[in-house]
Structure formats: structure tokens, C-alpha cells
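# Chain and residue survey
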Amino acid sequence: MPIRSATARWEGNLTEGSGTVKTGKGGLQGSYSFKSRFEEGEGTNPEELIAAAHSGCFSMAFSKALADAGFTPTSVETVAKVHLDKTDAGFGVSRIDLETVGNVPGVDEATFQKIAADAKENCPISRLLSPGAAISLSAKLA
């Protein structure tokens, strides 16, 4: 399997500086800053990038699991909401809420929910993040 990479460059101090991030093959790139991370400034931030990775991984894992069960999805769309909280120990990601909507012809609600829950547990990014963050799932049929 290939090794994936990304690069980040930061210039200046924490509150006044700025940086750029870029995925290894350049598919995603953008700027980030203190304001884009801790306030409502323009640009991205590490938590958004984690959310993008998790929503993409889960959508693919869920789509595969549905197909393996005999249900070819028309679409799976997932939003991941990453919660960055400040505690006595400092900042940390405490929770990730996955919200997915699947357009899956022929699947019943109970089967859909079971496959969604299994995909949440087994997607590689969920497995990576779950020891440190609680992961919730809301799955709806379109």
C-alpha cells in the first residue's frame, strides 16, 4: 500500500502568523491561521482536515459495506463535525459526530442502520481516532 503524506508550513508566532497546508499530490491545499482555527477567520484548520478525512473514509467504507451486503448505493454523503475543546490538560479533540445520508435502493431501515454502525466501527480513520475521541453516528436513508 502507498504511504500518504501532507505538508504544513507555518511562519510567525501563534496568534499573528499564518501557514499553508498541502496534500502530497496537491489535491487539497489551503491557508490556515490562529483565526481560522480558534475564531471564525478564513482558511482551514487541522480539525477541518480531520473532518474531511473521516467523512471521506466513512463514506467509502459504508458504500463498500452496503455493496458487500447486496445494496448498491446511489450516493452516500457524510458530514463529520470535529469538536475541539479546551480542558485543564490543554486543547484536544473530544468528539466527532458523523451525520450520513444514504440513497440506497432496496435496503430496509434496520439493515441500513446495522451496516452504518459496522462501517463506523471499521473505517480506518474511525479506528485511528476512536481511542481518543467519542464518535457518534446519525444515519438516515434519503
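Along each chain, residue indices are assigned from 1 in the same order as the chain's sequence is written. Given that this is a predicted model, residues contribute local features only at a pLDDT of at least 70 and side-chain atom pairs are listed and counted only at 80 or more, while totals for whole chains, interfaces and linings are drawn from all residues. Side-chain metrics in this entry use all non-hydrogen atoms of the structure; hydrogen atoms and water are not considered.

## Thoughts on the sheet that holds strand S6 (residues 134–141)
In a beta sheet, neighbouring strands pair by backbone hydrogen bonds and run either parallel or antiparallel. Note the following rule: Here a strand pair is declared whenever DSSP counts at least two bridges between the two strands. Put simply, DSSP H or I for four residues or longer makes a helix, DSSP E for two residues or longer makes a strand, and each gets a number counted from the N terminus. Axis definition: a line fit to C-alpha positions, over the contact stretch in the case of helices; interaxial angles, taken between N-to-C directions, run 0 to 180 degrees.
Strand order in the open sheet made by the 3 strands is S4-S5-S6, with mixed pairing throughout. Unpaired on one side and paired on the other, strand S4 (75–87) and S6 mark the two borders of the sheet. Strand-to-strand twist in this sheet, taken as the mean axis angle between neighbours without regard to direction, amounts to 15°. As paired elements, strand S5 (residues 90–103) and S6 share 8 bridges and run parallel to each other.

## Some details on the pattern of salt bridges
Rule in force here: Just to be clear on terms, a salt bridge is a Lys or Arg side-chain nitrogen sitting within 4 Å of an Asp or Glu carboxyl oxygen. Burial classification: accessible surface area is computed with a 1.4 Å probe over protein chains only, and a residue below 20% of its type maximum counts as buried, one above 50% as exposed, and the rest as partly exposed.
Under the definition given, this model contains 7 salt bridges. Of the charged contacts in the structure, one is a salt bridge between glutamate 47 and arginine 37, with a shortest N-O distance of 2.6 Å. Within this pair, whereas glutamate 47 is found in helix H2 (residues 46–68), its partner arginine 37 is found in helix H1 (residues 34–38), the two being separated by 10 residues in sequence. Taking relative accessible area as the criterion, arginine 37 reaches 33% and is therefore assigned partly exposed. In this structure, glutamate 121 and lysine 120 form a salt bridge, with 3.1 Å as the shortest nitrogen-oxygen distance. Residue glutamate 121 is classed as partly exposed on the basis of its relative accessible area, which comes to 48%. Among the residues examined, lysine 120 registers a relative accessible area of 15% and is labelled buried.

## Observations concerning the packing of aromatic side chains
Operational definition: Here a pair means two rings of Phe, Tyr or Trp (six-membered ring of Trp) with centres within 6.5 Å. Their orientation is stacked below 30 degrees between planes, edge-to-face above 60, and tilted elsewhere.
Counted under the stated rule, the structure contains 5 aromatic pairs. Here the aromatic residues Phe34, Phe38 and Phe91 are joined through ring pairs into a cluster of three or more.

## Topic: the confidence of the model for the chain
Close inspection of predicted coordinates is inappropriate for parts of the model with low pLDDT. Note the threshold: For every residue, the predictor reports its confidence as pLDDT, a number between 0 and 100.
Confidence in the prediction of the chain, expressed as mean pLDDT, is 96, and 100% of residues score 70 or more. Element-level pLDDT for the chain is lowest in H1, with a mean of 95, against a maximum mean of 98 in helix H3 (residues 109–122).

## Here's the deal with the packing of H2 against H3
So the rule is basically this: An angle counts as roughly parallel when it lies under 35 degrees, as roughly antiparallel when it exceeds 145, as roughly perpendicular when it falls between 65 and 115, and as oblique in every other case. Crossings are classed by handedness, with left-handed meaning an anticlockwise turn of the near helix from the far one by less than a right angle and right-handed meaning a clockwise turn. Two residues qualify as a contact provided that any one of their heavy atoms is within 4.5 Å of a heavy atom in the partner residue. Three residue categories are used. Nonpolar comprises Ala, Val, Leu, Ile, Met, Phe, Trp, Tyr, Cys and Pro, charged comprises Asp, Glu, Lys and Arg, and polar comprises the others, including Gly.
Where H2 contacts H3, the axes come no closer than 9 Å and their chain directions differ by 135°. By the angle class used here, H2 and H3 are oblique. Handedness of the crossing formed by H2 with H3: right-handed. Side by side, H2 and H3 meet where Phe58, Ala61, Phe62, Ala65 and Leu66 of the first sit next to Phe112, Ile115, Ala116, Ala119 and Lys120 of the second. Along the lines of polarity and charge, the residues of the contact of H2 with H3 split into 9 nonpolar, no polar and 1 charged.

## Description of the nonpolar core
Definition in use: Remark: nonpolar core denotes a set of buried residues (Ala, Val, Leu, Ile, Met, Phe, Trp, Tyr, Cys) joined through side-chain atoms within 4.5 Å.
Counting residues in hydrophobic clusters, the biggest one holds 22 residues, and the most contacted among them are Phe58, Phe62, Leu66, Ile96, Leu98, Val104 and Phe112. Secondary-structure elements contributing two or more residues to this core are H2, S4, S5, H3 and S6. With 5 residues, the top contributor of residues to this core is H2. Not counting the four nearest positions on each side in its chain, valine 104 is found in contact with Leu66, Phe71, Pro73, Phe112 and Leu141.

## Quick notes on H2
Let me state the cut-off plainly: Multiply 1.5 Å by the residue count of a helix minus one, and that product is the helix's expected span.
An ideal rise of 1.5 Å per residue puts 33 Å on 23 residues; H2 measures up with 33 Å between its terminal C-alpha atoms. For H2, every residue scored as buried is listed here: Glu47, Ala51, His54, Ser55, Cys57, Phe58, Ser59, Phe62 and Leu66. Against the buried residues of H2 lie H1, S4, S5, H3, helix H4 (124–129) and S6. At the C-terminal side of H2, glycine 70 shows a positive phi close to 95°.

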